[in-house]
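# Analysis of the macromolecular model
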Amino acid sequence: MTDSDLDRVIAAVRERIDPDEAERRALSDAASELESRVHDALAELPVDADVLQVGSTARGTWLSGDRDIDLFVRFPGDLSREELETYGLEVGHAVLPDGHEEYAEHPYVKGNYEGFDVDLVPCYDVPTAPDIRSAVDRTPFHNAYLVSHLDDDLAADVRVFKRFLKGIGAYGSNLRTEGFSGYLSELLILEYGGFESLLRAATDWTPPVSFDPEDHGTRSFSDPLIVIDPTDPERNVAAVCSAENVARLQHYARDILENPRESLFFRADPDPLDAAGVRSHLTRRKTTPAAIVFDAPDLVEDQLYPQLRKSLEGVAAELDRRDFDVFRKATFADHRAVLFFELAVAERPAVERHTGPPVHVKQHAEGFFDAYADDDDAYGPFLDGDRFVVEREREFASAEDFLSSEALFDVALGAHIETILREGAYEVLLGESVASLADEFSGEFGCYFDPRP
């Protein structure tokens, strides 16, 4: 590869992602009109507050076609949470009369104006980021820091990096994706001075990788990627970013430098699979799929997916402990949720071998022997070398029996997931019957059976 090869690819990508002048003007006009409306609404309130445009559209790091305007209304720090919410919603509905309320840490109004998706979020006006009273309070500090540090060239490289992360499936700090946030992307471009230099550095990262742009961190972190927030010395901006997504960036950084191509920035997802396609893969793989299926609890994704993953890990660990050998696992959610396990072994013998301590360990050996000596259902105890062994009845000879039993609730489950399962509102599918889930999860099965780095 020559530098000009990558330069040509980046130039071609920018042709597709850089907002043109008309798009920039339309966004600027819409933001100005919305800010004017906010000022009018604030004039009717008995408090002093202001409004600030934040986010990528405020910093010139947004991609063409993104239609988001984020306006933060800053209220005095001595307001109660109830007053903040009341005034914030009052302003939001005045500015966006057709908008609706959504909830993050506290409620805010979301709506549409001139084709732009608008979030109007109340926050506290605090002196510094460590003084925040709610999580959104630090956003204005992030915005100020980046506006003061990003020039036009760096902003252009941020856009290219964001598109690259989207193409490889590593963009987004939600707890479903566990990837790179926009803010983290911008800080990494600042750290390395550009897109290409970031790629070259990432190829040689050895996690944990740590950066402290302002050299002011006061806490230690154990995450694979650590970027101390330049506005808050106690926060790791990359805390959500999983080890898998750090590795993903490294892999594709090497890939794009070795073989520069525009297509990597705009990769399509694998083709979805219908039921027949799922059955075809299962026939080829000769594994046994098992699924726990239930109505998804009414939670936002950032609450739902940690609970699904906790439940998935808990059930998988117990399947392994019971010798059903989880080959691979995944979780999906839409209207329903699925804990999906691909098993190397789905049926076990009716008995299992249980090995005790060496006979010379007197107290433990005698305790083991006495525990089984009068058990008519056990084979043994007998000696195998210098240890006592028994062959006892296995509690569950099939994975399906275990998954359908009360023993399922002895594993670590997400709180809302456990509530649903305890109510009996779930179904266990085993074998080819899981293919019926393709009607709802064709895309997810497409990704599962066509895995990519």
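Here the structure is shown first, and the text comes after it.
### Here we look at the overall build of the protein
When you go through the protein residue by residue, the secondary structure sums to 15 helices and 14 strands. Dimensions along the principal axes, computed over C-alpha positions, put the protein at roughly 85 × 60 × 50 Å. The contacts in the protein between residues at least 6 apart in sequence include a share of 66% that link residues at least 24 apart. Carbon and sulfur atoms provide 44% of the accessible area of the protein, an area that totals close to 21,800 Å². Put simply, the protein has 44 plus and 92 minus side-chain charges, and the middle of one group is 6 Å from the middle of the other.

### Description of a nonpolar patch on the surface
On the surface, Val-351, Tyr-379 and Phe-382 cluster together to form a nonpolar patch covering roughly 270 Å² of accessible area. Within the secondary structure, Tyr-379 is located in strand β12 (residues 379-384). Using a relative accessible area of 52% as the deciding quantity, one classes Tyr-379 as exposed.

### A short note on the packing of aromatic side chains
In this structure the tally under the stated criterion is 18 aromatic pairs. Grouped by ring-pair contacts, the aromatic residues Phe-332, Phe-340, Phe-441, Phe-445, Tyr-448 and Phe-449 constitute a single cluster. One cation-aromatic arrangement involves Arg-67 over Phe-116; the distance from NZ or CZ to the ring centre is 3.9 Å. The ring of Tyr-448 has Arg-328 lying over it, and the distance from NZ or CZ to the ring centre is 4.0 Å.

### A few points about the packing of helix α6 (residues 152-168) against helix α8 (residues 195-202)
Helix-helix packing is described using two parameters, namely the angle between the two axes and the distance between the axes. At their nearest, the axes of α6 and α8 sit 9 Å apart, and the two run at 45° to each other. Considered as vectors, α6 and α8 are oriented oblique to each other. Contacts between α6 and α8 pair Asp-157, Val-160, Phe-161 and Phe-164 from the former with Phe-195, Leu-198 and Leu-199 from the latter. By residue class, the composition of the contact of α6 with α8 is 6 nonpolar, no polar and 1 charged.

### A closer look at the side chain of Asp-232
Of note, Asp-232 is situated in the loop between β7 (225-227) and α9 (243-258). Accessibility expressed as a relative area gives 5% for Asp-232, which makes it buried. Beyond its immediate sequence surroundings of up to four residues, Asp-232 is in contact with Ala-129, Pro-130, Arg-138 and His-216.

Basis of the calculations
- Residues numbered from 1 in each chain as written.
- Predicted model: local features only at pLDDT ≥ 70, side-chain atom pairs only at ≥ 80, totals over all residues.
- Heavy atoms only, no water.
- Helix = DSSP H or I, 4+ residues; strand = E, 2+ residues; numbered from the N terminus.
- Contact = heavy atoms within 4.5 Å.
- Areas by Shrake-Rupley, 256 points an atom, 1.4 Å probe, with all protein chains shown as cover.
- Lys, Arg positive; Asp, Glu negative; His and termini not counted.
- Charge placed at Lys NZ, Arg CZ, Asp CG, Glu CD.
- Patch = residues over 30% accessible without salt bridge, like charges linked within 9 Å, V, L, I, M, F, W, Y side chains within 5 Å.
- Salt bridge = Lys/Arg side-chain N within 4 Å of Asp/Glu carboxyl O.
- Buried < 20%, exposed > 50% of the residue type's maximum accessible area, 1.4 Å probe, protein only.
- Phe/Tyr/Trp six-rings, centres within 6.5 Å; stacked < 30°, edge-to-face > 60°.
- Lys NZ or Arg CZ within 6 Å of the ring centre and 35° of its normal.
- Axes fitted to C-alpha atoms, helices over the stretch in contact; angles between N-to-C directions.
- Parallel < 35°, antiparallel > 145°, perpendicular 65-115°, else oblique.
- Nonpolar A, V, L, I, M, F, W, Y, C, P; charged D, E, K, R; others polar.

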